[in-house]
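These are the residues of each chain, in order.
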Amino acid sequence: MEEKLTITAISGWAIPESWFAEQIKDAFPGSNVNVVYPKNPENEQESRNILSSFPAQLYLGYSLGSLWLLKYQDVLPSNCYKAILAPILSFLNTEPFGGKISKTQLKYLMKILSKDSSKTSVLRDFFFNAELPYPESQIEEIPEKNTLIKGLKFLENNSVTGKETNDFLSIIGENDTFIDGVVLRHHIPHLEIVKDAGHSPTPLLKQLAKTFKLSR
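Computed from a predicted structure; not experimentally measured. (Residues numbered from 1 in each chain as written. Predicted model: local features only at pLDDT ≥ 70, side-chain atom pairs only at ≥ 80, totals over all residues. Heavy atoms only, no water.)

The next subject is the packing of helix 1 (residues 17-27) against helix 8 (residues 201-215). Between helix 1 and helix 8, the shortest axis-to-axis distance is 9 Å and the interhelical angle comes to 35 degrees. Crossing handedness for the pair helix 1 and helix 8: right-handed. Facing helix 1, whose interface residues are Trp19, Phe20, Gln23, Ile24 and Ala27, helix 8 presents Pro201, Thr202, Leu205, Lys206 and Ala209. (Axes fitted to C-alpha atoms, helices over the stretch in contact; angles between N-to-C directions. Helix = DSSP H or I, 4+ residues; strand = E, 2+ residues; numbered from the N terminus. Left-handed = near helix turned anticlockwise from the far one by under 90°. Contact = heavy atoms within 4.5 Å.)

Right under this line is the structure:
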């Protein structure tokens, strides 16, 4: 009987943890899945607590979670598998790492989140553009606004270069709304680009399952 795979996944920004876990389990049937949403991604001690609390054979980071996992990869055990989906080296277009978002756009999103505007309406506009398919009813599972703003500040203030990805399986959709895969491949030569896929993790997870099986 094939050994059950244990997966710890670091969630993307404003992604419902239960929905993300379902997508992972669909791609990796029979796996034990823990999805973690960092509440304060700038906090190194939080990263150590998370990664020590959820030991796994495969660690994966999606979108914001990819940058988080790259930043804190020294905390990971030496004998694990690692993957990043919709990988972010830099979210902003001010650096030459494939990010498409301007600082003005990011600041605007933080501003409207900090006001009394509906979190649902803000995220609906943001995610429909990103073509993320989770049901609108699950928006209520997403962390409160202060945590969301901390995540955006993490994306604003942090970046890495391609050299940190050497030990990671790396996969992006060719139509990703936030990251230019062609530019990113200059920094991650082993990057897989999934045809007709966008920023949604679902097709990226299916490709990861295929790639992971071959890499073991």
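Given a rise of 1.5 Å per residue, 13 residues ought to cover 18 Å, and the 18 Å separating the end C-alpha atoms of helix 6 (residues 145-157) matches this to within 8%. Those residues of helix 6 lying buried are Thr147, Leu148, Ile149, Gly151, Leu152, Phe154, Leu155 and Glu156. Near the N-terminus of helix 6, the side chain that reaches the backbone nitrogen of Asn146, with its oxygen 2.8 Å away, is that of Glu144. (Expected span 1.5 Å × (residues − 1). Buried < 20%, exposed > 50% of the residue type's maximum accessible area, 1.4 Å probe, protein only. Polar contact = N/O pair within 3.5 Å; in protein donor to acceptor, adjacent residues only side chain to side chain.)

Taken together, the six strands give an open sheet; going across it, the order is 2-1-3-4-5-6, and neighbouring strands pair in parallel fashion. One side of each edge strand has no neighbouring strand; the edge strands of this open sheet are strand 2 (32-36) and strand 6 (192-194). Taking the axes of each pair of neighbouring strands and ignoring which way they run, one obtains an average angle of 20 degrees across the sheet. In terms of strand pairing, strand 4 (residues 81-85) meets strand 5 (residues 169-173) through three bridges, oriented parallel. Residue pairing in the sheet places Ile84 in a bridge with Ser170 of strand 5. Helix 3 (residues 64-71) contacts strand 1 (6-10), strand 3 (58-62) and strand 4 of the sheet and is inclined by roughly 130 degrees relative to strand 3. Against the sheet, helix 8 makes contact with strand 3, strand 4, strand 5 and strand 6, and its axis sits at roughly 150 degrees relative to strand 5, the strand it touches most. (Pairing = 2+ DSSP bridges.)

In short, the description is geometric, and any link to function would need to be established separately.
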